[in-house]
Structure formats: structure tokens, C-alpha cells
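Observations on chain architecture
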Amino acid sequence: MKHLISYNVILAAIFIGLFSLSCKRELKRPGLENEVLTPILSTKLTINQIVPDSVRNESNDGHVSLIYRNNLLQTGLASFKELETRKFQETAKLQSLVISSRSAGRIVTLGQVLDETILSAVLTHGDTTQIPQTTGMNYGPIRVDGTEIFETVTFDSGYMDISIENNFPTAMSNINFEIRNDDSVQTLIGSDVFNNVPVGETRTVSLDLAGKTVVGNILGIITSFDVDGTQEPVYIDSNDQLIVTVTIRNSKANSATAVFPAQDVVSLKDTTGMINVQDLRLTKATAKTGIIRVTVVSTIQDSMNFTYFVPGGKKEGIPLRRTEVVPPNSPETEFEFNVDGYIFDLTGSPKINLYNAFYSELTGRIDSTGELVNLSLNDSIMVKVELIDFIPQYIEGYLGKTSVSFGPQQVSFELFKGVSGGMFDFEEVNVSIGVENGTGVPFSLDVNTFNAINTKTNNSLDLDMSSLTMPFSIDAASSLGSPSQQEWTLSKSNSNINEVLNVLPNKAEVAFNITSNPDENNGNLSQFAADTNTLSAFADIEIPLSMIAEDLVVKDTIQFDVRKIENPEGIMAGEFYIICDNQFPFQASLEMIFIDDFDNVLETIKPVELISAGSRETPRESVLEWPFLRSNLDRILASSRVVFSVSMSTRSQSDYQKIYSDQAIEFTLSSRFNYIYESE
Amino acid sequence: MILRKTLIIGLLFTSINVTAQGDRLWTEQHYFDSLSSKQTSIWGASDYRAQSNTLTNQLMSEALFQGNIKSSSSEFLKDLNSEGTTRLNVGFQGEVWYRHVRKNGPALLFGVEINENLYGSISNGLAQLYLKGNAPFEDQRLPLGRSKLFYMSDQSMGFGLEWTKPAVIYGANLNLIKVSRFQKVEIDQPSFLYTAPYGAQLDVQLAFDYHASSSTQAKPGAWYGTGAAADFYLILHPEDGKSMLSVQAKRIGMVHFSGSSAYSMNQDTVYTGTNIDNILALEDAITTNDGLDSLEALLGLEESSESRAVALPTTIQLDYIRTFSEKLSLAFQLKQVLSFGIPQARVGIAYKPKKWLALEPFFSTGGFSVFDLGLSASINVNNKFRLLTKYELLESQVASANSTSQALFLGGQLIF
């Protein structure tokens, strides 16, 4: 007591003494301890939330059924082999070498002739005199320069025309001449005779050049000729002319060093067949991806424009056409054409082959460069064409008989994903094994294995399908958008499906044999397949929620973020309450396990009380209590995840309990705890 | 004379009773049997008071002096009738006044005051909720309404005139007020909190207004509001000198605040915790929980910043002094702080064994308290220097857990 008196006196004295300072003090909230009782969260859980729309069906009276489809297999066009073409390889020589028609002329004057012949003795320039008939004279050689056209040509065909225009005052006859190469040996190209060339007229004779080799400079030699003479005196003019013209026409060279005009030198048209397609008979294919590779080897000493044209391969209506340049004397030039999205007519049209082929054209062309180029019909190009990585996205035709085995493979079984243990018995279970075929191909399907597996308990059980007749025949889809679907049903009465579901499978091991065109009707070219359309197998499960359950354990793990709790440091010891209003015919126990990032269990909340089973008409209230100390709370706050575990049993273990859509369980989580407010 | 010319530093004390000129006069009559109304004087007083009808001295001392209220100290609140009213008055005051007597005309008064006062009249439910939390009152409806809290820290400078007549003294003074801190809360009648069993839900009906000045500036220099208050007093003292009647009205005035913060809410809400639409998608539900802004909107909390004038709590006080002899005097006081508390009655008998000494046991009832005992002691040195103390700490020292009020007054006067 004395201490208390002193205490207050001292306090008062201090206060009074420090009055002048008192106005500096703030009126602050003192620290204190409260007992807080507050709801933390509330929620209402209906069967609609427990069972998502996608797997729930509701009858008129609100009775809920689980409808679940578990995909077992899905396959599509990718299962077909990659398509390949026959490797089209062809070597082609030049088909022709056209030489341009060209002419060269030479003028011989009368004076030149007089100088070379005996006529000079009787005829003098400027005289007017009668020209006497004179025979047996010769003249030449006359040189003609054709090097602007070629250096040398060995003709496959063609002609050399020699024309004489006589402007002398007398006719000439019996002109025998020779055409020789102006080379070292003066090789004879040809010879002929002009019988008569009247005054003022022109006469032409032709030499066949086939097989002849002609050089650019040639010689014309008049081996003999006669002068017919005149009856009357004529004026002698030494400038009068005899015009000689040499023309090469209609010529095709076998080989030449010449200036070639622009011309197609190669033209190939062929149908390319597909290989490695087994018994596929494809009439049409749309390329998802693919490349046409063209390899060209050329001995031609000139650049060649190379065109590859596939009239039956179209994209947006435009045929596939590519033009590239092959360099001179190219050992190997490779061109690749992307054909993604091209639709190929595989009937081989216009060279009808019905299926597995496509028609293409190759053209090689040289341009006129004005340069002398050496070409020969022995020159050649070699062309290789191949279709690479051709993956169709759509095909038509007969798609062949192919058997494919799938599995054994494990597929996820999600229906009991959250259930980790316990036993249940459904009043009714229906399972349908179904197949949906989006391709225009009939199939047969054998289900070899259907083994339900619980990987957590290592329990498994084979589904008894002996009541079903296998293989299943699967019709072709009538069109791309109209898949065919067929189902084969199992129930509690004709299988062990209830026992299989009691395994609480999270996996199913399945194995199938699938055969396309089991009847091998290869005359049917109207089949189709698209990579977007699949062949899928599934299990449809329908379970009306009328069941008996015993210790059915449902678990879920959620993230737990302590940062969302404000000012947790003020919370001391207390008690959590879970207040439940339950309409479901289940009683349940609840457990929450708080774990850290390393899966260490930090705290476990397991109220001793049970959630009482209610009914659709009468919800039952239960209060679950869990006292905690600050140390418990610290461990909870240190956790990062919480594992909810609910163990449920139906109210009755002999009568099936039905679940209706309007049933719910309402939860409120509240807490009573001491909270210390620190003074400000 | 030397004394007259000597500056005496008066004690600076506080008084929740807002010592005014009328108090000086009845005090002189009661304790010293001599009025100084014809003499120039200077006096100072200070007062500390923590009064309540329900909150124990132990609780208030812990709150005021330790800054922490022990849970055991507030345990008694669990048994308190929630429907009742808790009255509360905590404060400090200090004043120094100079009274100059002139030959002709009224005396002139000059003074400065410092006040720091908290007035409260709140429902017991609110006090219980604040001090104990809601858990002890599970499945009970805690009334929160009819609650008012008024807190102001201010400094003022005053000027007054006082007329002295043969049997009557009357006067008035006007104080100019600078406010450093201000808070005011009013919770209306229908407000309540119901905590369902196990805390399954909280049913809250809350209608309140809260108005506060800023507190960012340091308190001594802060100036958030400006006002004026007047004191009026009338003293009747028959010439026989055996009785006196004093009537006072203290702190009639207003304070104006510009740009203070105001919050108001009128909402009836059932709170069931964070509502999660789908417990199976709990992670999403938590991350999409509403923020504080939305919560405020949900509760209908309206915030504003506005200028407003606030009336000061005015005190009406009546004192009657009956002097039986040179040694015995009776003082009866009736006082009411308008809008807060209930009328307070005080009775004291001053015994003067010596001319320079007076002792007075007194008791009071009502007001912000229930029943308080106190002892006053005064010294009068030749009517030149007077010292008075009113000691009301006895209950808190002897039975702090069972008593509810404490106060201490100390004043001094130098008469020239």
C-alpha cells in the first residue's frame, strides 16, 4: 500500500512539476489487450461448386449425376506416313541449236575482171565497142567474211544460197564455182554452176550445208565462165559491177561457236509418281508443309533460265511456277520451292495416272547475248526433282489399310482426382466406351487393355469388357464437319465397373489396335482425312449421385500467403471455430496440415468434433473447435501451403444417399483470440 | 513594496475545473475568509483530473502514466451493465492571471491558460468493446450509441473586466484560443454491435461522426484552430460577510477549424468475414479480395475535409459559501458541463484552526464521477501570499481498483 501511495504521489508530483511540458505530450492510445471474437471467412459450398458444370447433370427433381468423359486415345492424320514422290531424275541433251539467218556480199567490178582475163586485150574503158563471145575464163578467189555470225559451225541442217547480180554489159553463162573455207586447207564446202546470168538479172543457186563445217571466212572461186558477148557496140565502163551474195538460211547447228539467238534448248514434261505410300491411293493432297527440291547439272557454256511448272499444284488458284537461272557450265545447282498450303492434284492430269502422281514441266532457255558462245547438241542438263518433308493437312483418295497399335499407355483419370482414400458404392454406374471418327475412313477398334490404377495406393483392376463384342466397327465420317460416333455401354450388371471405380483410379492403362479400311475397299477413292479431324476413343461415365460412402478422403492443397494477414503479431492465444450448416447426408472430419516450401509439416489442425450429416430438408449445425497458442500461430504463419483433408461417410451405410443440386454446406471460420494493441 | 515589485513566478498548474475568476472569489471567501477584490494580485493554478463513474483509478493510471492497460485492470468491465453510460473527464490545465485594481472603474484582468481536456459520455458497451474486445460479450448486443468524446489541446490568452460593488462582484473575460489538437466523436443512439455465438457473424449498426484536426505539426507550436471563449461570473456577498453565492458560466465560445478531416458513417452491416464464393477456388478468392478502399465504401464511410466551427463544452457552476464562524465554513457547489456528464454536487467544510491555516474535507458526487472524497489545505500568509491544494488522490492510493476518480489541484496567489 505504501508503495502504491508513493507511486501516485510521485506521479502527480512529476505531472505537476512537468506541467510546462505537459502540453507537449500527445494524447495517445494506451496499449491494451482485447479478447476478439470475429468471423474470418464464410462460404457456402454447393454440389454445383464441388462438381463443375462440365461433369454435372441434373434431373428434373434436382438429383445430380456425374457425367465424365475421359479421353483414352486421340490420333489423327499425323499417324500416316510422310508422303514422298518418286525422285524424278532426267538427263536431257540440247534438242536444237538455231543459228540466225545471215548474209554477206562481195562486189566484183568489170575492171577487175578485165585485169584478170584475156578480155583486157579487146576491151578498154571508155570505148564503145562490140564485146566478143569468149569462153573458158576463170576468176577468183572472192573472199567473203562471215565472222560476225559465227566462227565455226558444223551444221545439222541448213543451206548456203549464192546469188549473182549481173550489172556487166554482157550476159554470162556456164559460171562454175566452188565455195571453200578460208582455212589452211581451204576445205571445199560445195560447188555448183550458174548456167546463164542475163544482163541486169540475178541468179541464185543453193548449197546443202548438212554435215558441213563452215568457218567464218569463206572463199568463192569461179573455176570457169563464159562471156556471151554483144551484137552491137556497147560502152565499156570498168566500174560496172557483179554483185555476189552468200546467205546461210534454215540452219540448225550440231555444234557451233556462234552468236545464238534466244531459244528454248530444253523442254521436259513428265508425271512424277509418289513412293512409300503403300496401298494409299491419293487423288488430292493439301500440303501442310513440304519442299520441292530441283537439282540441275548443266554442261552448257551459257546461262540458262530454268522454269519449273506444276499446273496441278495450286495455291489460291495460282499454279506452282518457279523460274531460276542456271549458271554456265554448272556442276550442280539446287533450288528449293516451299509448297506449304499448295493443293496438289494427284491424279497426274493431264497425263492421267488416276492417283499418287502429279504432272510437271521443265523448260531451259538461253537468251541472246550477242557474244560468241560454243554450244553443241552434245551439251546436256541433268535435272533431279524430289518432294521433301511433305506432310499433308488434308488428303483424299483411298487411304489404305493400316493397323496401328496404341499402348499400353497410361492416361490420366481425373474423376477422382481429389479423392485419396475410402470406399463408396454407387447405386448405379454406366460407362460407355465410345469412338468418334472425324476422318472419312472406316476403322475397326480393339480395346486390348483397360486397367484402372490408383498410383497412390498401387491398387489396380482390369475392367471386364467381356460382354462387349470386339473389334468395334467404326464408320467413316460423312464429311469433314460430321464425325461419326459410336458407343458401347457397360453397367454394374454386365461388368465390374463399380469395383473398378472403387479403386479410385487416377490413371487408366489402355491399349488399342486400330485398323483403317479393314475391308480393303481400295476402289473407293472418296475417302478423306484432315489433320484437324481425329479419331478419338473415350470413356463416358455417368454416375447418379446416390451412394454409400465410408471414410471417403478428399484432399486439396492451396497456397497460403501469410502476407495477407494484417498485423498478426498482435494475436496471442485463442481458438478457431468452424461453424457448419450441413445439408449433405455426409458426416465428415476435417484436417488442415500447414506445410512449408520444403513440404515440412509445421502445424496440424484437426478438431475432434465431426461435421454432422444433415439432410436436404434439415441442415445440421456443427461447431468444430481448435484451441491454439501463439506458438501454434507462429508455425501457421511460417507455412506456405495448407493441405485440406476431409474424411466423409454417408449417414447410412446401408441405404443409398442421394445428392440434390439445392443441397449445400455453409462454413464460417471464426476465431476467438487475445489481441494486444501496442501503445502508440 | 519590494514584494509588490518582485515578480513571483507562479506555479503553473492544471485544472480540469477551469478555474475562473468566480472560483478565485469563492475560494478566498471559503478558505481565507477575506476577499482580495480591492487589491491587485497575481495568481496561478494548475489542475490534473481523471474522473469517471465506471473506469477505475487503476485503469486510468495505467492508461495515463504507464501507457498500457493490464487485462486484469479492465476485467471489471465484463460485469458492467452495457446499457449504462460511462462518463469520463481527463485533463490538465494551467493558468496565470494578473488582476489590476484601478481607483475608478473595473479591475483589469490579464492571463494565459493552457488546457488539455478529454470529455466523454459514452455507452458502457463502447467502453467494454474498446477496453475488452467483443469476445466477452458473445451473443450479447453491445450498445455503442449515445456516445460522445471531445478532446482538445489549446492555449489561450485572456483579458477581462471585473466590477466590485458593495454586495456584488461581477465580471467577464474573453480568451483568444489557439488549438493544437482536436478530436471529436459522436456515435448516435441506435448504434450497436452484436457478436453471434462463436463469432459466426458480427451485426453492426453504426452511425457516427468523427472530426479531427491534423497532428502533423509538433504539438506546442501547432495551430489548427482559432477561437474565442468568454467567462461570466456574478458574486453576491451580503455585507454581513457570512454567506456568498457565486454563479459562473465558463468557456462559452467557439473554435473554428479550417480544413480538418471529417469521417461519417451510417451503416447497418452483418459481417461474416471474407466471403468466398467458391472455397474450392480459394487462392483466386483471396487474391481478388477487396482492398481497404472498397471496404470503406462497403461500410459507407464518408471522408471529407471541410471547415467547421465547434462549440466548446461550457460549464455552469453555482457555489454557495456559508461562514459559521472564524473557524468553520461550508461550501456547497453545483456544477454541470453542458452536454457531458451529469450535475455534480460538492460539499466541503473548511476548518481553520489558525488564521493562516484552513483544512477542508470534502466530498463530491455526480459529474463525471460517482462519489469522491478529498482534502483541501490552504495557507494564508498575512493576506499577502496564499497557497491552496485540493488533494483527491486518496482513493486511488488506497483502493485504486475500487475507486474511479482522482484529481489534484494546486494554486497560489500573491496579493499586492
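Remember, predicted model here, so these are calculated numbers, not experimental data.

The rules behind each value
Along each chain, the written sequence defines residue order, and numbers are assigned to residues from 1. As a convention, the first chain written is A and the first ligand written is 1, with the rest following in written order. With the structure being a predicted model, the display of local features is reserved for residues of pLDDT at least 70 and the display and counting of side-chain atom pairs for 80 or more, all residues being used for whole-chain, interface and lining totals. Helix numbers and strand numbers start at the N terminus; a helix is a DSSP run of H or I with at least 4 residues, a strand a run of E with at least 2. Around each residue's C-beta, the other C-beta atoms within 10 Å are counted; 20 or more make the residue buried, 12 or fewer make it exposed, and counts in between make it partly exposed. All C-beta atoms are placed from the backbone. Residues are defined as contacting one another if the C-beta atoms placed from their backbone atoms lie within 7 Å. Defined on buried residues, the nonpolar core groups Ala, Val, Leu, Ile, Met, Phe, Trp, Tyr and Cys residues joined through C-beta atoms within 7 Å. Expected span of a helix, by definition, is 1.5 Å for each gap between consecutive residues, and there is one gap fewer than residues. Any two strands between which DSSP finds at least two bridges are classified as paired. Think of each axis as a best-fit line through the C-alpha atoms, taken over the contacting stretch in the case of a helix, with angles from 0 to 180 degrees between the N-to-C directions. A score from 0 to 100, pLDDT tells how confident the predictor is in each residue.

1. Topic: the overall build of chain A
- Looking only at helices and strands, chain A has six helices and 43 strands in total.
- When burial is assessed residue by residue, chain A has 32% of its 680 residues classed as buried.
- The contacts in chain A between residues at least 6 apart in sequence include a share of 86% that link residues at least 24 apart.

2. What to know about the overall build of chain B
- Scanning chain B from terminus to terminus reveals seven helices and 20 strands.
- Within the span of chain B, comprising 416 residues, buried residues form 47% of the whole.

3. Considerations on the nonpolar core
- Counting 145 residues, the largest nonpolar core has A:V153, A:I175, A:A256, A:A258, A:L445 and A:I578 as the members making the most contacts within it.
- Once residues within four sequence positions are removed from consideration, A:I578 is found in contact with A:L590, A:P607, A:L624, A:F667 and A:L669.
- With 23 residues, the next largest nonpolar core counts B:L55, B:I69, B:V90 and B:I187 among its residues.

4. What about the environment of B:T195?
- Within the element layout of this structure, B:T195 appears in strand β8 (residues 192-195).
- Here the alpha-carbon distance between B:T195 and B:R141, two residues 54 residues apart in the chain, equals 7.1 Å.

5. A word on helix α2 (residues 21-32) of chain B
All names here are of chain B.
- In a regular helix each residue adds 1.5 Å, so twelve residues correspond to 16 Å; α2 covers 16 Å between its end C-alpha atoms and thus fits that length.
- In terms of burial, α2 is largely enclosed, as twelve of its twelve residues are buried.
- Just beyond α2, the residue with positive phi is D33, at close to 55 degrees.

6. Topic: the sheet that holds strand β11 (residues 188-197) of chain A
Residue and element names in this part refer to chain A.
- With antiparallel pairing, the four strands of this open sheet are ordered in space as β8-β14-β10-β11. Of all strands in the sheet, those bounded by a partner on one side alone are β8 (134-145) and β11. Within the sheet, the average angular offset between the axes of one strand and its neighbour, ignoring direction, is 15 degrees.

7. A few points about the sheet that holds strand β28 (residues 430-437) of chain A
Residues and elements named next belong to chain A.
- The strand order β2-β3-β35-β28-β32 describes an open sheet built from five strands, whose pairing is antiparallel. Single-partner strands in this sheet number two, and they are β2 (56-58) and β32 (484-491). For this sheet the average axis-to-axis angle between neighbouring strands, irrespective of direction, equals 25 degrees.
- Here eight bridges tie β28 to β32, and the two strands are oriented antiparallel to one another. Each residue of the ladder has a partner; that of V431, found in β32, is L490.

8. Let's talk about helix α3 (residues 57-66) of chain B
All names here are of chain B.
- Where burial is concerned, most of α3 is hidden: seven out of the ten residues are buried.
- Regarding α3, the residues found buried are N57, Q58, L59, M60, S61, E62 and A63.
- The first or second residue beyond α3 is G67, which carries a positive phi of 80 degrees.

9. Observations regarding the confidence of the model for chain B
All names here are of chain B.
- For chain B, mean pLDDT is 85; residues scoring 70 or higher make up 89% of the total.
- Taking the mean pLDDT of every element in chain B, the minimum, 32, falls on helix α1 (residues 2-5) and the maximum, 95, on strand β16 (residues 344-354).
- Low pLDDT, under 50, characterises residues 1-18; the predicted model gives this stretch 52 contacts beyond four residues in sequence or across chains.
- Under a pLDDT of 50 for its full length, residues 285-298 has, in the predicted model, seven contacts with residues more than four places off or in other chains.
- As a predicted assembly, this complex carries a pTM of 0.62 together with an ipTM value of 0.83.

10. Here's the deal with unusual backbone geometry
- Residue A:M470 is joined to A:P471 through a cis peptide bond whose omega torsion reads 0 degrees.
- Topologically, A:P471 is positioned in the loop between β30 (459-462) and β31 (472-474).
- Even without being a glycine, B:R251 presents a positive backbone phi close to 60 degrees.
- By secondary structure assignment, the location of B:R251 is in strand β11 (residues 243-271).
- By the C-beta count within 10 Å, which is 23 here, B:R251 ends up buried.

11. Considering the environment of A:M592
Residue and element names in this part refer to chain A.
- For M592, the location among the structural elements is in strand β38 (residues 586-595).
- Sequence separation between M592 and I605 is 13 residues, and the spatial gap between their C-alpha atoms is 5.0 Å.
- Setting aside its immediate chain neighbours within four residues, M592 contacts I605, V642 and F644.

12. Looking at the environment of A:E386
All names here are of chain A.
- Locating E386 in the fold gives a position in strand β25 (residues 380-398).
- Overall, the presence of 17 C-beta atoms within 10 Å leaves E386 in the partly exposed class.
- C-alpha separation for the pair E386 and T272, spaced 114 residues apart in sequence, amounts to 8.9 Å.

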